[in-house]
Amino acid sequence: MTLKAKEILDKSAVIAYPVKKYGEDGVALEIIKQKVDVSGKEVVELLFSMNPDDEVRKKCRADNIERLCKMMDEGKDISMITLGDVAVYSTYMYLDREIQARGYETEIVPGIPSFCHGAALARLPLMIGEESVAVASLAKRNNAKVEQVLDAVDNLVIMKAFASIPAIVEMLRARNIPLENATVMSNVGMSDEYIGPLNPDREYGYFTTVLIKKKVQ
C-alpha cells in the first residue's frame with residue numbers, strides 16, 4: 001500500500017471491497033486492516049460474481065455502480081480497495097468509466113502490482129538493459145495466445161496461473177527453456193506466500209503468477 005492510498009483510506013467514510021460471494025473474507029480488506037483503522041467506517045461488500053455467464057457478471061457490475069452512486073448521493077466519500085495495482089486486472093476498472101459518465105468525481109490511485117512485489121522478493125529484474133517484458137493471463141486457459149507472447153518477448157509475466165502450471169511446464173519444455181528459468185510468485189504478501197522455482201508437483205494458491213526469463217543474466 002502506498003502512503004497516498006493510506007491517507008485517502010484514513011479519510012474515507014466508506015471502504016468498499018470486492019468479494020466473490022457475500023460473507024467471505026476479503027483479501028484486500030484484510031491487507032489494509034494491517035495499516036488502516038476501519039472501526040467507525042462503513043465497510044461495504046461489492047459482489048463480483050465469477051459465474052461464467054457474462055450477463056451475470058455484467059448485472060453484478062451494474063448493481064455495484066448503483067450502490068456506489070447512491071452512497072455518493074448521500075454525500076459519502078468512498079474508497080474501493082483492490083489487490084495490487086488498480087490498472088492490472090482490477091475489478092474497479094469495470095466501474096470507473098460508467099461512474100464518471102454519470103457525473104461523479106473519481107480518482108485512481110496507483111498501487112504495487114503483485115508481479116513487481118514478487119520480483120523484488122525474488123531479487124529478479126522484470127527486464128534489464130534492452131530486454132522486453134509482457135504480461136499475460138491464463139485465467140481462460142488461452143494457451144495459444146500466451147505461447148505467441150512467450151515466443152515474442154525476453155521475459156513473460158503470466159498472471160492467474162494457479163490452475164495452469166502443467167500447461168506452463170509444457171510450454172517451457174517445448175521450447176527447451178529450463179524450468180529453473182521460471183519463478184513462481186504465489187499469494188504474495190499473504191501468510192502462505194511462496195516465492196521460488198517452478199515445481200510441477202507443488203500446489204499453489206489462487207493468486208499465483210509465474211515470471212519466465214528466457215535468458216538468465
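Structure report, in brief.

About the thresholds
- Residues numbered from 1 in each chain as written.
- Predicted model: local features only at pLDDT ≥ 70, side-chain atom pairs only at ≥ 80, totals over all residues.
- Heavy atoms only, no water.
- Salt bridge = Lys/Arg side-chain N within 4 Å of Asp/Glu carboxyl O.
- Buried < 20%, exposed > 50% of the residue type's maximum accessible area, 1.4 Å probe, protein only.
- Helix = DSSP H or I, 4+ residues; strand = E, 2+ residues; numbered from the N terminus.
- Patch = residues over 30% accessible without salt bridge, like charges linked within 9 Å, V, L, I, M, F, W, Y side chains within 5 Å.
- Areas by Shrake-Rupley, 256 points an atom, 1.4 Å probe, with all protein chains shown as cover.
- Phe/Tyr/Trp six-rings, centres within 6.5 Å; stacked < 30°, edge-to-face > 60°.
- Lys NZ or Arg CZ within 6 Å of the ring centre and 35° of its normal.
- Pairing = 2+ DSSP bridges.
- Axes fitted to C-alpha atoms, helices over the stretch in contact; angles between N-to-C directions.

## Remarks on the pattern of salt bridges
Where charged atoms from two side chains of opposite charge come close, those side chains can pair.
Part 1 of the argument: Per the stated rule, a full pass over the model turns up 16 salt bridges.
Part 2 of the argument: Residue Glu30 is joined to Lys33 by a salt bridge in which the shortest nitrogen-to-oxygen separation is 3.5 Å.
Part 3 of the argument: Judged by its relative accessible area of 37%, Glu30 falls in the partly exposed class.
Part 4 of the argument: A relative accessible area of 40% places Lys33 in the partly exposed class.
Part 5 of the argument: Connected via shared salt-bridge partners are Glu42, Lys70, Glu74 and Lys76.

## Examining unusual backbone geometry
Part 1 of the argument: Its identity is not glycine, yet Asn176 carries a phi of approximately 55°, on the positive side.
Part 2 of the argument: Among the secondary structure elements, Asn176 is positioned in the loop between helix H7 (165–174) and strand E6 (182–186).
Part 3 of the argument: Here the phi dihedral of Asn187 falls at roughly 50°; this positive angle occurs in a residue that is not glycine.

## Some words on a nonpolar patch on the surface
Part 1 of the argument: Among the surface-exposed residues, Ile31, Met50, Leu83, Phe162, Tyr206 and Phe207 lie close enough to one another that they form a single nonpolar patch of about 510 Å² accessible area.
Part 2 of the argument: Looking at where Met50 falls in the secondary structure, it is placed in the loop between strand E2 (42–47) and helix H3 (54–73).

## Quick word on the packing of aromatic side chains
Part 1 of the argument: Under the definition given, this model contains three aromatic pairs.
Part 2 of the argument: Ring geometry for Phe162 against Tyr206: centres 4.9 Å apart, planes inclined by 50°, an arrangement best described as tilted. In this pair, Phe162 sits in the loop between strand E5 (155–159) and H7 while Tyr206 sits in the loop between strand E7 (194–197) and strand E8 (208–213), placing the two residues 44 residues apart along the sequence.
Part 3 of the argument: Among the residues examined, Tyr206 registers a relative accessible area of 39% and is labelled partly exposed.
Part 4 of the argument: Taking the centre distance of 5.0 Å and the plane angle of 90° together, the rings of Tyr206 and Phe207 count as edge-to-face.
Part 5 of the argument: With relative accessibility at 31%, the residue Phe207 sits in the partly exposed group.
Part 6 of the argument: Every member of this aromatic cluster is reached through a ring pair, and the members are Phe162, Tyr206 and Phe207.
Part 7 of the argument: Over the aromatic face of Tyr206 sits the side chain of Lys20, whose NZ or CZ is 5.3 Å from the ring centroid.
Part 8 of the argument: If you follow Arg61 out to its NZ or CZ, it ends over the ring of Tyr94, 4.1 Å from the centre.

## Section: the sheet that holds strand E3 (residues 78–80)
Part 1 of the argument: Reading across the sheet, the three strands line up as E2-E1-E3 and stay open at both edges, with parallel pairing between neighbours. Looking at strand neighbours, the two that pair on one side only are E2 and E3, the edges of this open sheet. Here the average twist between neighbouring strands, direction ignored, is 25°.
Part 2 of the argument: Pairing between strand E1 (residues 14–19) and E2: six bridges, direction parallel. Following the sheet pairing, Ile15 is matched in E2 by Val43.

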